[in-house]
Amino acid sequence: SQQGEEDPQALSIQEGENATMNCSYKTSINNLQWYRQNSGRGLVHLILIRSNEREKHSGRLRVTLDTSKKSSSLLITASRAADTASYFCATETYNNNDMRFGAGTRLTVKP
Amino acid sequence: ETGVTQSPTHLIKTRGQQVTLRCSSQSGHNTVSWYQQALGQGPQFIFQYYREEENGRGNFPPRFSGLQFPNYSSELNVNALELDDSALYLCASSLETGYGYTFGSGTRLTVV
(Lines give C-alpha, C1' and ligand atoms only; values in the text may rest on other atoms or scores of the structure.)
Protein backbone atom coordinates (compact mmCIF):
# COMPACT_ATOMS: atom_id res chain seq x y z
CA SER A 1 0.00 0.00 0.00
CA GLN A 2 1.17 3.53 -0.66
CA GLN A 3 2.09 5.83 2.19
CA GLY A 4 2.67 9.18 0.55
CA GLU A 5 0.24 11.17 -1.55
CA GLU A 6 1.61 13.89 -3.78
CA ASP A 7 -0.30 16.99 -4.72
CA PRO A 8 -0.89 18.13 -7.39
CA GLN A 9 -0.93 15.11 -9.68
CA ALA A 10 0.28 17.29 -12.55
CA LEU A 11 1.87 20.74 -12.72
CA SER A 12 2.75 22.80 -15.78
CA ILE A 13 4.85 25.97 -15.50
CA GLN A 14 7.05 28.26 -17.57
CA GLU A 15 10.81 28.11 -17.43
CA GLY A 16 12.13 30.37 -14.70
CA GLU A 17 9.08 29.97 -12.46
CA ASN A 18 9.13 28.12 -9.16
CA ALA A 19 7.46 24.73 -8.75
CA THR A 20 6.01 23.52 -5.46
CA MET A 21 4.92 19.94 -4.86
CA ASN A 22 3.36 18.63 -1.69
CA CYS A 23 3.36 15.24 -0.03
CA SER A 24 1.18 13.94 2.77
CA TYR A 25 1.70 10.69 4.63
CA LYS A 26 -0.16 8.63 7.18
CA THR A 27 2.13 7.15 9.84
CA SER A 28 5.11 8.29 11.89
CA ILE A 29 8.29 8.28 9.89
CA ASN A 30 12.05 8.00 10.30
CA ASN A 31 12.73 10.05 7.20
CA LEU A 32 11.17 11.32 3.99
CA GLN A 33 12.89 11.33 0.63
CA TRP A 34 12.20 12.95 -2.71
CA TYR A 35 13.06 11.28 -6.02
CA ARG A 36 12.86 12.31 -9.67
CA GLN A 37 12.01 9.96 -12.53
CA ASN A 38 12.42 10.74 -16.21
CA SER A 39 10.27 8.91 -18.78
CA GLY A 40 9.55 5.79 -16.73
CA ARG A 41 13.20 4.97 -16.11
CA GLY A 42 15.14 4.72 -12.84
CA LEU A 43 14.57 7.10 -9.96
CA VAL A 44 17.17 9.65 -8.95
CA HIS A 45 17.55 10.48 -5.27
CA LEU A 46 17.19 14.23 -4.70
CA ILE A 47 17.12 14.84 -0.98
CA LEU A 48 16.48 13.08 2.34
CA ILE A 49 15.06 14.86 5.36
CA ARG A 50 14.96 13.19 8.77
CA SER A 51 12.02 13.40 11.14
CA ASN A 52 13.91 15.76 13.47
CA GLU A 53 14.67 18.21 10.64
CA ARG A 54 12.34 20.92 9.40
CA GLU A 55 14.03 22.22 6.29
CA LYS A 56 16.78 21.20 3.93
CA HIS A 57 18.36 22.76 0.86
CA SER A 58 20.26 21.32 -2.08
CA GLY A 59 21.06 23.66 -4.94
CA ARG A 60 17.75 24.88 -6.37
CA LEU A 61 15.79 22.43 -4.19
CA ARG A 62 14.21 23.24 -0.87
CA VAL A 63 12.38 20.62 1.17
CA THR A 64 10.31 21.23 4.27
CA LEU A 65 8.87 18.71 6.68
CA ASP A 66 6.02 19.24 9.14
CA THR A 67 5.64 16.09 11.22
CA SER A 68 2.66 17.51 13.14
CA LYS A 69 0.75 17.76 9.86
CA LYS A 70 2.43 14.70 8.34
CA SER A 71 3.34 16.66 5.26
CA SER A 72 6.33 17.75 3.21
CA SER A 73 6.89 20.10 0.32
CA LEU A 74 9.47 20.24 -2.45
CA LEU A 75 10.24 23.61 -3.98
CA ILE A 76 12.24 23.86 -7.20
CA THR A 77 13.33 27.43 -7.82
CA ALA A 78 14.09 28.98 -11.23
CA SER A 79 12.86 25.89 -13.04
CA ARG A 80 14.40 24.68 -16.29
CA ALA A 81 13.03 22.56 -19.13
CA ALA A 82 15.36 19.79 -17.93
CA ASP A 83 13.40 19.66 -14.65
CA THR A 84 10.49 18.10 -16.56
CA ALA A 85 9.95 14.74 -14.86
CA SER A 86 7.81 12.92 -12.32
CA TYR A 87 8.60 13.64 -8.68
CA PHE A 88 7.90 11.16 -5.90
CA CYS A 89 8.04 11.38 -2.16
CA ALA A 90 8.89 8.26 -0.20
CA THR A 91 8.84 7.55 3.52
CA GLU A 92 10.77 5.17 5.73
CA THR A 93 9.43 4.23 9.16
CA TYR A 94 11.25 3.07 12.28
CA ASN A 95 9.67 -0.38 12.32
CA ASN A 96 9.67 -1.43 8.69
CA ASN A 97 12.40 -1.75 6.12
CA ASP A 98 10.25 -0.78 3.18
CA MET A 99 10.29 2.63 1.55
CA ARG A 100 6.79 3.64 0.49
CA PHE A 101 6.14 5.90 -2.46
CA GLY A 102 3.26 8.08 -3.47
CA ALA A 103 1.81 8.19 -6.97
CA GLY A 104 3.94 11.18 -7.95
CA THR A 105 3.58 14.66 -9.40
CA ARG A 106 4.17 15.05 -13.12
CA LEU A 107 6.00 18.37 -13.65
CA THR A 108 6.22 19.95 -17.09
CA VAL A 109 8.43 22.99 -17.54
CA LYS A 110 7.80 24.80 -20.80
CA PRO A 111 10.74 26.59 -22.45
CA GLU B 1 32.13 4.45 -8.76
CA THR B 2 29.60 2.38 -10.69
CA GLY B 3 25.87 2.76 -10.12
CA VAL B 4 23.16 0.11 -10.02
CA THR B 5 22.94 -2.06 -13.12
CA GLN B 6 19.88 -4.08 -14.07
CA SER B 7 19.47 -6.71 -16.74
CA PRO B 8 17.79 -7.23 -19.06
CA THR B 9 16.37 -3.81 -19.93
CA HIS B 10 13.32 -5.24 -21.67
CA LEU B 11 11.69 -8.65 -21.55
CA ILE B 12 8.59 -10.26 -23.03
CA LYS B 13 7.21 -13.41 -21.43
CA THR B 14 4.14 -15.54 -21.82
CA ARG B 15 1.58 -15.98 -19.05
CA GLY B 16 2.52 -18.92 -16.83
CA GLN B 17 6.25 -18.69 -17.52
CA GLN B 18 8.96 -17.87 -15.00
CA VAL B 19 11.37 -14.93 -15.14
CA THR B 20 14.60 -13.94 -13.40
CA LEU B 21 15.69 -10.31 -13.24
CA ARG B 22 19.20 -9.33 -12.14
CA CYS B 23 20.69 -6.40 -10.32
CA SER B 24 24.26 -5.38 -9.54
CA SER B 25 24.37 -3.07 -6.54
CA GLN B 26 26.45 0.06 -6.30
CA SER B 27 29.91 -0.70 -4.97
CA GLY B 28 29.92 -0.87 -1.16
CA HIS B 29 26.14 -1.10 -0.81
CA ASN B 30 24.93 -4.07 1.26
CA THR B 31 21.19 -3.41 1.11
CA VAL B 32 19.07 -3.98 -1.97
CA SER B 33 15.35 -3.44 -2.48
CA TRP B 34 13.11 -4.40 -5.37
CA TYR B 35 10.09 -2.42 -6.53
CA GLN B 36 7.32 -2.95 -9.04
CA GLN B 37 6.05 0.13 -10.86
CA ALA B 38 2.90 -0.07 -12.97
CA LEU B 39 2.33 2.57 -15.62
CA GLY B 40 1.35 5.88 -14.07
CA GLN B 41 1.83 4.64 -10.51
CA GLY B 42 4.45 4.99 -7.85
CA PRO B 43 6.85 2.13 -7.12
CA GLN B 44 5.49 -0.63 -4.88
CA PHE B 45 7.87 -2.32 -2.44
CA ILE B 46 8.39 -6.04 -3.13
CA PHE B 47 11.17 -6.98 -0.67
CA GLN B 48 14.52 -5.97 0.71
CA TYR B 49 17.72 -7.94 1.30
CA TYR B 50 20.45 -7.02 3.76
CA ARG B 51 23.67 -9.03 3.76
CA GLU B 52 22.02 -11.96 1.95
CA GLU B 53 18.99 -12.18 4.27
CA GLU B 54 15.45 -11.04 3.49
CA ASN B 55 14.90 -7.95 5.59
CA GLY B 56 11.32 -6.98 4.83
CA ARG B 57 8.60 -7.88 2.38
CA GLY B 58 5.71 -6.00 0.83
CA ASN B 59 2.27 -7.25 -0.10
CA PHE B 60 3.34 -9.58 -2.90
CA PRO B 61 2.51 -13.30 -3.23
CA PRO B 62 5.12 -16.03 -2.62
CA ARG B 63 5.64 -16.50 -6.36
CA PHE B 64 7.77 -13.36 -6.08
CA SER B 65 11.06 -14.47 -4.56
CA GLY B 66 14.58 -13.16 -4.37
CA LEU B 67 18.20 -13.78 -3.59
CA GLN B 68 21.16 -11.68 -2.60
CA PHE B 69 24.65 -13.00 -3.25
CA PRO B 70 27.88 -12.53 -1.25
CA ASN B 71 28.93 -9.73 -3.62
CA TYR B 72 25.56 -8.08 -2.82
CA SER B 73 24.19 -8.52 -6.33
CA SER B 74 20.60 -9.69 -6.38
CA GLU B 75 17.94 -11.55 -8.31
CA LEU B 76 14.18 -11.24 -8.47
CA ASN B 77 12.32 -14.36 -9.55
CA VAL B 78 8.68 -14.41 -10.52
CA ASN B 79 6.92 -17.72 -11.12
CA ALA B 80 3.63 -18.40 -12.89
CA LEU B 81 3.57 -15.01 -14.56
CA GLU B 82 0.26 -13.20 -14.82
CA LEU B 83 -0.75 -10.42 -17.19
CA ASP B 84 -0.85 -7.97 -14.23
CA ASP B 85 2.83 -8.61 -13.60
CA SER B 86 3.58 -6.43 -16.60
CA ALA B 87 5.46 -3.46 -15.13
CA LEU B 88 8.79 -1.74 -14.67
CA TYR B 89 10.85 -3.57 -12.05
CA LEU B 90 13.31 -1.40 -10.20
CA CYS B 91 16.25 -2.40 -8.08
CA ALA B 92 17.69 0.04 -5.54
CA SER B 93 20.75 -0.27 -3.34
CA SER B 94 21.89 1.52 -0.24
CA LEU B 95 24.68 1.37 2.31
CA GLU B 96 21.98 0.99 4.97
CA THR B 97 18.39 2.05 5.37
CA GLY B 98 17.94 5.72 6.11
CA TYR B 99 20.62 6.99 3.75
CA GLY B 100 18.77 7.20 0.46
CA TYR B 101 18.83 4.71 -2.37
CA THR B 102 20.52 4.49 -5.75
CA PHE B 103 18.16 3.09 -8.36
CA GLY B 104 18.90 1.15 -11.50
CA SER B 105 17.22 2.01 -14.80
CA GLY B 106 14.80 -0.88 -14.42
CA THR B 107 13.63 -3.89 -16.38
CA ARG B 108 10.47 -3.44 -18.42
CA LEU B 109 8.59 -6.75 -18.23
CA THR B 110 5.68 -7.41 -20.55
CA VAL B 111 3.55 -10.52 -20.00
CA VAL B 112 1.41 -11.57 -22.96
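See the structure above.
Residues numbered from 1 in each chain as written. Chains lettered and ligands numbered in written order. Predicted model: local features only at pLDDT ≥ 70, side-chain atom pairs only at ≥ 80, totals over all residues. Heavy atoms only, no water.

So, the side chain of Glu75(B): which residues are in play, and what are the values?
Residue and element names in this part refer to chain B. Topologically, glutamate 75 is positioned in strand β8 (residues 74-78). Classification of glutamate 75 by relative accessible area gives buried; the value is 14%. Sequence-distant contacts of glutamate 75, that is, excluding residues within four places in its chain, are made with Thr20, Leu21, Arg22, Trp34, Ser65, Gly66, Leu67 and Phe69. (Helix = DSSP H or I, 4+ residues; strand = E, 2+ residues; numbered from the N terminus. Buried < 20%, exposed > 50% of the residue type's maximum accessible area, 1.4 Å probe, protein only. Contact = heavy atoms within 4.5 Å.)

Tell me about the packing of aromatic side chains, and please be specific about residues and values.
Inspection of every chain in the model, using the stated rule, returns nine aromatic pairs over all chains. Note on Phe88(A) and Phe101(A): the rings are 6.4 Å apart at their centroids and 80° apart in plane angle, and the pair reads as edge-to-face. Placement of the pair is Phe88(A) in strand β9 (residues 85-92) and Phe101(A) in strand β10 (residues 99-101), with a sequence separation of 13 residues. Per residue, the accessibility class of Phe88(A) equals that of Phe101(A), and both read buried. Aromatic pair Phe101(A) and Tyr35(B): ring centres 5.4 Å apart, planes at 90°, arrangement edge-to-face. Taken together, the positions of Phe101(A) in strand β10 and Tyr35(B) in strand β4 (residues 31-37) put the pair across two chains. Take Phe101(A): its relative accessible area is 1%, and that puts it in the buried class. (Phe/Tyr/Trp six-rings, centres within 6.5 Å; stacked < 30°, edge-to-face > 60°.)

So, the interface of chain B and chain A: which residues are in play, and what are the values?
Frequently, the measure chosen for interface size is the accessible area that the parts lose on association. Taken together, the 23 residues of chain B in the interface contact 21 residues of chain A. For the pair chain B and chain A, the summed buried surface comes to about 1700 Å²; carbon and sulfur atoms form 48% of the total. When the area that chain B buries against chain A is broken down by residue, the three leading residues are Gly98(B), Tyr101(B) and Phe103(B), summing to 26%. Our enumeration of links across chain B and chain A arrives at zero salt bridges. Counting every contact that joins chain B to chain A gives five residue pairs in polar contact (both at pLDDT 80 or more). For the side of chain B that touches chain A, the secondary-structure elements that each account for two or more residues are β4, β5 (44-50) and β9 (87-94) of chain B. Per element, the largest residue contribution to the side of chain B that touches chain A is three residues, and it comes from β5(B). Residues belonging to the side of chain B that touches chain A are distributed by class as follows: eight nonpolar, 14 polar and one charged. (Buried area = accessible area lost by both parts, 1.4 Å probe. Salt bridge = Lys/Arg side-chain N within 4 Å of Asp/Glu carboxyl O. Polar contact = N/O pair within 3.5 Å; in protein donor to acceptor, adjacent residues only side chain to side chain. Nonpolar A, V, L, I, M, F, W, Y, C, P; charged D, E, K, R; others polar.)

Summarise the sheet that holds strand β8 (residues 71-76) of chain A; cite the residues concerned and give the values.
Residue and element names in this part refer to chain A. Strand order in the open sheet made by the five strands is β1-β3-β8-β7-β6, with antiparallel pairing throughout. Either end of the sheet is taken by a strand with one partner, and the two such strands are β1 (5-7) and β6 (55-58). Averaged over all adjacent pairs, the angle separating strand axes in this sheet is 20°, with direction ignored. Relative to strand β3 (residues 19-24), β1 runs antiparallel, the two being bridged by three bridges. When the sheet's bridge partners are listed, glutamate 5 is paired in β3 with serine 24. (Pairing = 2+ DSSP bridges. Axes fitted to C-alpha atoms, helices over the stretch in contact; angles between N-to-C directions.)

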